[in-house]
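# Topology and contacts: notes
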Amino acid sequence: MRNRNTIEFLAVWEELHNPDFNRVQFEAVKNEAGLNRFVMTPTKWIDQMNAIGIVSKVGRYGGTYAHSDIAMSFATWISPEFQLYIMKDYRRLKMDENSRLSLNWNLNREISKLNYHIHTDAIKTNLIPPELTPEQISFTYASEADLLNVALFGKTARQ
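What you are looking at is a predicted structure, and each value in this text was computed from that prediction instead of being measured.

Cut-offs used in this document
- Residues numbered from 1 in each chain as written.
- Predicted model: local features only at pLDDT ≥ 70, side-chain atom pairs only at ≥ 80, totals over all residues.
- Heavy atoms only, no water.
- Axes fitted to C-alpha atoms, helices over the stretch in contact; angles between N-to-C directions.
- Helix = DSSP H or I, 4+ residues; strand = E, 2+ residues; numbered from the N terminus.
- Parallel < 35°, antiparallel > 145°, perpendicular 65-115°, else oblique.
- Contact = heavy atoms within 4.5 Å.
- Nonpolar A, V, L, I, M, F, W, Y, C, P; charged D, E, K, R; others polar.
- Polar contact = N/O pair within 3.5 Å; in protein donor to acceptor, adjacent residues only side chain to side chain.
- Salt bridge = Lys/Arg side-chain N within 4 Å of Asp/Glu carboxyl O.
- Buried < 20%, exposed > 50% of the residue type's maximum accessible area, 1.4 Å probe, protein only.
- Phe/Tyr/Trp six-rings, centres within 6.5 Å; stacked < 30°, edge-to-face > 60°.
- Core = buried A, V, L, I, M, F, W, Y, C linked by side-chain atoms within 4.5 Å.

Where helix 4 (residues 68–78) meets helix 5 (residues 80–126), the axes come as close as 5 Å, and the angle between the chain directions of the two elements is 120 degrees. Comparing the axis directions of helix 4 and helix 5 gives the class oblique. Here Met72, Ala75, Thr76 and Ile78 of helix 4 lie close against helix 5, whose contacting residues are Pro80, Phe82, Gln83 and Ile86. Of the residues assigned to the contact of helix 4 with helix 5, the class counts are six nonpolar, two polar and no charged.

Following this line, the structure appears as structure tokens:
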């Protein structure tokens, strides 16, 4: 906890999660961090900064405990192997998430395509008499599509 980067990481974590974090005292500590004479312990950090991310207990079942974010940051600093496993797993989770999102997008696209055919077939069967010109037929399709757009989205395709 003598490292300036560690102190800054802890401060950022506290600022995100702790509305009572003592920012004024942190600025004084930050200026000293990294110097040979600088000493910071978990108990000192908790007391001076009103920190909640680290808990230090004395006694039989005592010890120093940290929030999982902080513990993982320390673990990645201590073990490059652990850091690589975290990065690999993060990429795997993002790829899995993206594939699930793309499946939903493709499913919605296919459903829209099917509904489009149902809609155009219904227009052809029920609304278009045989004596209409091709221009009138396309106008009929367009006006029906605009009717759906207004019903679903509250605006026409042009709007």
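What follows is about helix 2 (residues 23–32). The N-capping residue of helix 2, defined by a side-chain oxygen 3.4 Å from the backbone nitrogen of Val24, is Asn22. Positioned one or two residues after helix 2, Gly34 has a phi angle of 95 degrees, which is positive.

Take the packing of helix 1 (residues 4–17) against helix 2 next. Two numbers describe how helix 1 lies on helix 2: the axes approach to 10 Å, and their chain directions differ by 170 degrees. With respect to each other, helix 1 and helix 2 are oriented roughly antiparallel. In contact with Arg4, Ile7, Glu8, Ala11 and Glu15 of helix 1, helix 2 contributes Arg23, Phe26, Val29, Lys30 and Asn31. The class makeup of the residues in the contact of helix 1 with helix 2 is four nonpolar, one polar and five charged.

The final tally for this structure, using the stated rule, is six salt bridges. Among the ionic pairs, Arg4 bridges to Glu8, the shortest N-O distance being 3.3 Å. Residue Arg4 and its partner Glu8 are located together in helix 1, separated by four residues, close to a single helical turn. With a relative accessible area of 32%, Arg4 lands in the partly exposed category. Across the salt bridge formed by Asp89 and Arg92, the nearest N and O atoms sit 2.8 Å from each other. Within this pair, Asp89 and its partner Arg92 are both found in helix 5, separated by three residues, close to a single helical turn. Since its relative accessible area comes to 34%, Asp89 is described here as partly exposed. For Arg92, a relative accessible area of 47% puts it in the partly exposed group.

Considering all chains together, one arrives at three aromatic pairs under this definition. Between the aromatic rings of Phe21 and Phe26, the centroid separation amounts to 6.0 Å while the plane-to-plane angle is 45 degrees, which identifies the pairing as tilted. Both residues of the pair, Phe21 and Phe26, count as buried. Measuring from centroid to centroid gives 6.4 Å for Phe26 and Trp45, while their planes differ by 85 degrees, and the two rings are edge-to-face. Note that Phe26 is positioned in helix 2 and Trp45 in helix 3 (residues 42–49), a separation of 19 residues in sequence. A relative accessible area of 0% means that Trp45 is categorised as buried. Members of the aromatic cluster, connected to one another through ring pairs, are Phe21, Phe26 and Trp45.

This part takes up the nonpolar core. Ranked by internal contacts, the top residues of the largest apolar core, which has 16 residues, are Ile7, Phe26, Trp45 and Met49. When contributions to this core are tallied by element, the ones reaching two or more residues are helix 1, helix 2 and helix 3. When residues in this core are grouped by element, the largest group, four residues, is from helix 1. With sequence-adjacent residues up to four places away left out, Met49 is seen in contact with Asp20, Phe21, Asn22, Gln25, Phe26 and Val29.

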